[in-house]
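# Structural characterization, general
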Amino acid sequence: MNLDQLHRDSIIFDGHSDFLYNAVNEGRRFEERSDGGHTDLPRLRAGGVSAQIFALFCLDEDRSNEGNPTVESLRQVDAFYQMQERCADQFVFAGRAADIEAAKTDGRVAGVLGLEGIEPLAGDIGLLRVYHRLGVRNVGLTWNYRNHAGDGVGVDDAGGLTDFGRLLVAECFQLGMMVDIAHLAPPGVKDVLEMTEGPVIASHANAYALCAHRRNLTDAQLDALAATGGVVCVTFVPGFITESPTEASLERLLDHIDYMVHCMGVEHVGIGSDFEGYDGVTRGLEDVTRLPALTAGLAGRGYDALAIRGILGLNLLRVFRQLVGKSRGTRTEKKPLVTKQGLTTFLTERDDSKERRATRS
Ligand SMILES: [Zn+2]
């Protein structure tokens, strides 16, 4: 097996990057190769990435958005489309699976937009339809806090999905958007997996059995997610790979992949780096240019070319095609819905913002 050629020929589809947040808040330039962070356009190309989900992450109260996640997310959407305009010969928006395949053929990187937490919707299902029109195709239901849809993993005594959360999940399938359970607390994960009409993803999470972090997924969650036909994208965040983050490495990440393949089958595993979203270093995967080492590592663990292509991107692309390709338009008119669990509730629940600054993965 020619590993370099296999890597270059594969569709590599990364489920999670926080670049847009840093573009808006840290002034990062997509087209400039940087020594900081993990990713930018020159390095995405060097690493062989075909498609990247760019998260809209909007929960920083002490920044210029003055705590308005809708405004923050729209600034990030603007940054995304400005990147596309400035770099049109190398970077293109992808709203369908065919766009990703065409970008691969053209030698361009495809960008997919995703929400990381539905705070920007302000409890209004109509805004989900607006974000869909803006190009959003992946919907992470929560970050670590409580919001209109449900509770994130940082909420004590977390509950399941709210009525709004259930409506939202149904509307995502209706519109043709992926539903992403990364960051969602276990009762909400259970609710999503029970009510789902199709495959569900976790865009960046690892196996709890190997690293007992609240953001990782238990065997039962992995089983249930695989039963939907979905994909768990392993993440490179040191603290989610090993309980001793200074020992995080490509080899320990490969352990998570092996474990998930053992639990779920190889067709349910993908990658979601969380590049730009964490501090610390995962040895062997220091930035996106190191991705060929992942391909070599998978081959070293005995995976054949088909399995490697699946993990690198085709598994996530399969789900993307299945859901995004099946938009049935919007549902019949519904009134904007603000739940009992109103806006003021989740605004006051944001008490672990210091922790968030430490690692916003
Ligand atoms: Zn995250």
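For the structure, check the block above.
As a starting point, this report considers the structure included with it. Since the model is a prediction, treat every value here as computed from it, not as a measurement. Note on numbering: residues in each chain are counted from 1, in written sequence order. Reporting in this predicted model follows two pLDDT cut-offs: at least 70 for local features of residues, and 80 or more for side-chain atom pairs to be given and counted; totals over whole chains, interfaces and linings ignore these cut-offs and use all residues.

What follows covers the overall build of the chain. Along the chain, the regular secondary structure elements total 15 helices and nine strands. Here the analysis covers contacts within the chain between residues at least 6 apart in sequence; of these, 74% occur between residues at least 24 apart. Helical segments are the DSSP runs of H or I of at least four residues, strand segments are the runs of E of at least two, and each set is numbered from the N terminus. By the convention adopted here, residues are in contact when the distance between their C-beta atoms, placed from the backbone, does not exceed 7 Å.

Of note, the phi angle at His183 is positive, near 80°, even though the residue is not glycine. Assignment of secondary structure puts His183 in the loop between β6 (178-180) and α8 (186-195). Burial is judged by counting the other C-beta atoms within 10 Å of a residue's own C-beta: 20 or more makes it buried, 12 or fewer makes it exposed, and any count in between marks it as partly exposed, with every C-beta position built from the backbone. A residue is classified by how many C-beta atoms lie within 10 Å of it, and His183, with 26 of them, is buried. Even without glycine at this site, Asp274 takes up a positive phi of about 65°. With respect to the helices, strands and loops of the structure, Asp274 is situated in the loop between β9 (269-271) and α12 (291-300). Asp274 gets classed as buried once you count the C-beta atoms within 10 Å, which come to 27.

Burial analysis of strand β4 (residues 109-116) places eight of its eight residues in the buried class, the great majority of the element. When strand β2 (residues 51-56) meets β4, the two strands line up parallel, connected through six bridges. Of the residues in β4, the one forming a bridge with Phe54 is Leu113. Call a crossover right-handed when, viewed with both strands pointing away from you, the route from the first strand across the helix to the second goes clockwise. The handedness of the strand β3 (residues 91-93) to β4 crossover, carried by helix α5 (residues 97-106), is right-handed. In this fold, the crossover linking β4 to strand β5 (residues 136-140) by way of helix α6 (residues 125-133) has right-handed handedness. DSSP calls a pair of strands paired once it identifies at least 2 bridges connecting them.

Summarising the element assignment, Phe54 is placed in strand β2. Along the backbone, Phe54 and Val77 are 23 residues apart, and their C-alpha atoms lie at a distance of 9.5 Å. Those residues in contact with Phe54 that lie beyond four places of it in its chain are Ser17, Phe19, Leu20, Phe80, Gly111, Val112, Leu113 and Gly114.

Topologically, Gly198 is positioned in the loop between α8 and β7 (201-202). The partly exposed category is assigned to Gly198, around which 15 C-beta atoms lie within 10 Å. For the pair Gly198 and Gly230, spaced 32 residues apart in the sequence, the C-alpha separation amounts to 7.9 Å. When residues no more than four places from it in sequence are discounted, the contact partners of Gly198 are Phe173, Thr228, Gln322 and Leu323.

A pair of packed helices can be characterised by two numbers: the angle between their axes and the separation between those axes. Where helix α9 (residues 219-227) meets helix α11 (residues 250-264), the axes come as close as 9 Å, and the angle between the chain directions of the two elements is 60°. As the angle between them shows, α9 and α11 are arranged oblique. Crossing hand, α9 versus α11: right-handed. Along the contact surface, α9 presents Asp219, Leu222, Asp223 and Ala226, while α11 presents Met260, Cys263 and Met264. Considered class by class, the residues forming the contact of α9 with α11 number five nonpolar, no polar and two charged. Lines are fitted to the C-alpha atoms to define the axes, a helix being fitted only along its stretch in contact, and any angle between axes, read from their N-to-C directions, falls within 0 to 180 degrees. For classification, angles of less than 35 degrees are called roughly parallel, those exceeding 145 degrees roughly antiparallel, those between 65 and 115 degrees roughly perpendicular, and all remaining angles oblique. Two helices that cross are described as forming a left-handed crossing if the nearer one is turned anticlockwise from the farther one by less than a right angle, and a right-handed crossing if clockwise. Gly counts as polar in this scheme, as do all residues outside two lists: the nonpolar Ala, Val, Leu, Ile, Met, Phe, Trp, Tyr, Cys and Pro, and the charged Asp, Glu, Lys and Arg.

Examined against the element boundaries, Phe19 turns out to sit in helix α2 (residues 19-25). Given 28 C-beta atoms within 10 Å, Phe19 falls into the buried group. Placed 256 residues apart in sequence, Phe19 and Phe275 show a C-alpha to C-alpha distance of 7.4 Å. Residues contacting Phe19, with those up to four places away along its chain left out, are Arg28, Thr39, Phe54 and Glu276.

With that out of the way, let us pick up the nonpolar core. Among the nonpolar cores identified, the biggest contains 110 residues, and Leu20, Ile100, Ala202, Leu222, Val232 and Met260 are the most heavily contacted of them. Sorting elements by how many residues they give to this core places helix α13 (residues 305-324) first, with eleven residues. Not counting residues within four places of it along the chain, the set of residues in contact with Met260 comprises Ala207, Leu222, Val232, Val234 and Val269. In this description, a nonpolar core means buried residues of the types Ala, Val, Leu, Ile, Met, Phe, Trp, Tyr and Cys, linked to one another by C-beta atoms lying within 7 Å.

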